[in-house]
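# Working through the structure, step by step
Residues per chain, in single letters:
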Amino acid sequence: MKLISVEAQILDIPFSDGGAGEGLTPTPWRSLEIVLIRVETDTGLVGWGEAFGYFCSKAVKSVIDRMIVPAMTGQKFTDPATMITALQRKLVLFGRYGITMFAISGVDIALWDIAAKAKQKTLADYIGGIGRNRIPTYASLVRYGDAGAVRSFTERALEDGYATLKLHEITMPEIEASREVAQEVGFIVDVNCNWSIEDTRAFLPPLRDLGTMWLEEPIFPPEDFAGLASLAGTVPLAAGENLCTAYQFSAMQAAGAVTFPQPSITKVGGVTEFLKIADAADQAGQQLMPHSPYFGPGYFATLQIAAARECIALFEYLYVWPDAFPGLNQPLPRQGYIAPPDGPGIGFSPDPEILTRYRVA
Ligand SMILES: [Mg+2]
């Protein structure tokens, strides 16, 4: 079996979240830029992948078009991990972190989709799944920066039946406003690297008193593992969405930086790197809390791995309302659980009408 084509396209799907687009992004965040990757074999199999592309979709697509398409087209299909490791070596000069690894992640997911489809299995079964059929899911609210809005979207998520919520607020009035109305559920605070070590030290006791399940990415830079380790002990810490490859995760683990590692399948290096991190977590008796605020093949692949591996404790569902979902039969949360997608492969079948309507490149 050979790869006869590798293509990347960009979908731009607007979403609403009821907020003002607050957050870390360069300009207000209003749409989901999905870098969708399609890989086809000479036996007629088609694999789908997704590379992280929010605010950087054109750069990621250009890495794929200029470097990965020529490197992969015509290659014999062996197994995804071997092919991707060879690709990582070929692109080593262009960075082991960021846009290059986002592009590699997307292609990797498509190769695993093909590998599982070739065996007529779901990805979960292909990687030796435990057969979990309901994935516990938390609502990941965007940053509102407004206590009233935080309270009302917290109430809405509770009405939807979520047993766990995550906020992206960075100041205590908004965090407390949510906890006031969400007293009986799991409660997570993610500050996207906005605090100093000193700020964090001050915020940890009140966050502990609110029963915070974990504090995510408190400090900048996120790879300051010694800084994170110095904050351990009051509230469990989590980080990893801004790390790439299992090597960075093993360095974070060796430093004792966090309780919950958070690989992001569209950034970390795809299924190949994610599974290495899951193996390490199993060995260490750790739980993973993956980062997955996306809706394309990365969403499907994360659900497949969550169905297969017990170390994945919770799935992150970005609590926004997209104008459309890219997949047919997109599995969605019901009462705080998602059923893993039906296979074969990752279970992603693109909706042709949505691909036509929202394609921008
Ligand atoms: Mg986060």
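Residues numbered from 1 in each chain as written. Predicted model: local features only at pLDDT ≥ 70, side-chain atom pairs only at ≥ 80, totals over all residues.

## Comments concerning helix 5 (residues 147-159)
With 13 residues, helix 5 should reach 18 Å at 1.5 Å per residue; the first-to-last C-alpha distance of 18 Å fits that figure. Among the residues making up helix 5, those that are buried are Ala149, Val150, Phe153, Thr154 and Ala157. Buried positions in helix 5, seen along its axis, are confined to an arc of 135° and lie on one side of it. Exposed residues lying more than 90 degrees from the buried face of helix 5 are Gly148 and Glu159. Where helix 5 is buried, its residues contact strand 4 (135-140), strand 5 (164-167) and helix 6 (172-181). Following helix 5 by one or two positions, glycine 161 adopts a phi angle in the positive range, close to 95°. (Helix = DSSP H or I, 4+ residues; strand = E, 2+ residues; numbered from the N terminus. Expected span 1.5 Å × (residues − 1). Buried ≥ 20, exposed ≤ 12 C-beta atoms within 10 Å, placed from the backbone. Arc of directions from axis to C-beta. Contact = placed C-beta atoms within 7 Å.)

## Points about the sheet that holds strand 1 (residues 3-16)
A sheet is described by the order of its strands in space; here four strands give the open sequence 3-2-1-11, paired in antiparallel fashion. Strand pairing shows two members of the sheet lacking a second neighbour, strand 3 (46-51) and strand 11 (321-322), which therefore form its edges. Relative to strand 2 (residues 31-41), strand 1 is paired through eleven bridges, and the arrangement is antiparallel. Across the sheet, the residue bridging to isoleucine 13 is leucine 32, located in strand 2. Those strands touched by helix 3 (residues 99-118) are strand 1, strand 2 and strand 3, and its axis lies near 155° from that of strand 3. (Pairing = 2+ DSSP bridges. Axes fitted to C-alpha atoms, helices over the stretch in contact; angles between N-to-C directions.)

## Notes on helix 6
Residues of helix 6 that are buried include every one of Glu174, Ile175, Ala177, Ser178 and Arg179, and no others. Looking at the packing, one finds that the buried side of helix 6 touches helix 5, strand 5 and strand 6 (186-190).

## A few points about the domain arrangement of the protein chain
The domains assigned to the protein chain are domain 1 (3-120) and domain 2 (125-350). Contacts between the two partners involve 40 residues from domain 1, matched on the other side by 38 residues from domain 2. At the level of secondary structure, the elements contributing two or more residues to the side of domain 1 that touches domain 2 comprise strand 1, strand 2, strand 3, helix 2 (80-90) and helix 3. Broken down by element, the side of domain 1 that touches domain 2 gets its largest block of residues, twelve residues, from helix 3. (Domains from an automatic or database assignment.)

## With respect to the pairing of strand 1
Relative to strand 11, strand 1 runs antiparallel, the two being bridged by two bridges. Residue pairing across strands places serine 16 opposite tryptophan 321, the latter belonging to strand 11.

## Some remarks on the pairing of strand 2
Direction of pairing for strand 2 relative to strand 3: antiparallel, over a ladder of six bridges. Looking across to strand 3, one finds that isoleucine 37 is bridged to glycine 49. With antiparallel pairing between neighbouring strands as the criterion, strand 2 and strand 3 make up a hairpin whose turn holds four residues, including glycine 44 at a positive phi of roughly 90°.

## With respect to the nonpolar core
Ile37, Ala103, Val107, Leu111 and Leu165 are the most contacted members of the largest nonpolar core, which has 107 residues in total. For this core, the leading source of residues is helix 3, giving twelve residues. Taken domain by domain, the makeup of this core includes at least three residues from each of domain 1 (3-120) and domain 2 (125-350). With residues up to four places along the chain from it excluded, the contact list for leucine 111 reads Val39, Gly47, Pro80, Met83 and Ile84. (Core = buried A, V, L, I, M, F, W, Y, C linked by C-beta atoms within 7 Å.)

## Considering the environment of methionine 101
Positionally, methionine 101 belongs in helix 3. Its 28 C-beta neighbours within 10 Å are what place methionine 101 among the buried residues. Taking the C-alpha atoms as reference points, methionine 101 and valine 63, separated by 38 residues in sequence, lie 9.6 Å from one another.

## Considering the packing of helix 2 against helix 3
Helix 3 packs onto helix 2 with a crossing angle of 160° between their chain directions and a minimal axis gap of 9 Å. Classified by the angle between their axes, helix 2 and helix 3 sit roughly antiparallel to one another. In this structure, the crossing between helix 2 and helix 3 has a hand that is right-handed. Contact with helix 2, carried on its side by Pro80, Met83, Ile84, Leu87 and Gln88, involves Ile104, Asp108, Leu111, Trp112 and Ala115 of helix 3 and no other residues of that element. Among the residues forming the contact of helix 2 with helix 3, the class breakdown is eight nonpolar, one polar and one charged. (Parallel < 35°, antiparallel > 145°, perpendicular 65-115°, else oblique. Left-handed = near helix turned anticlockwise from the far one by under 90°. Nonpolar A, V, L, I, M, F, W, Y, C, P; charged D, E, K, R; others polar.)

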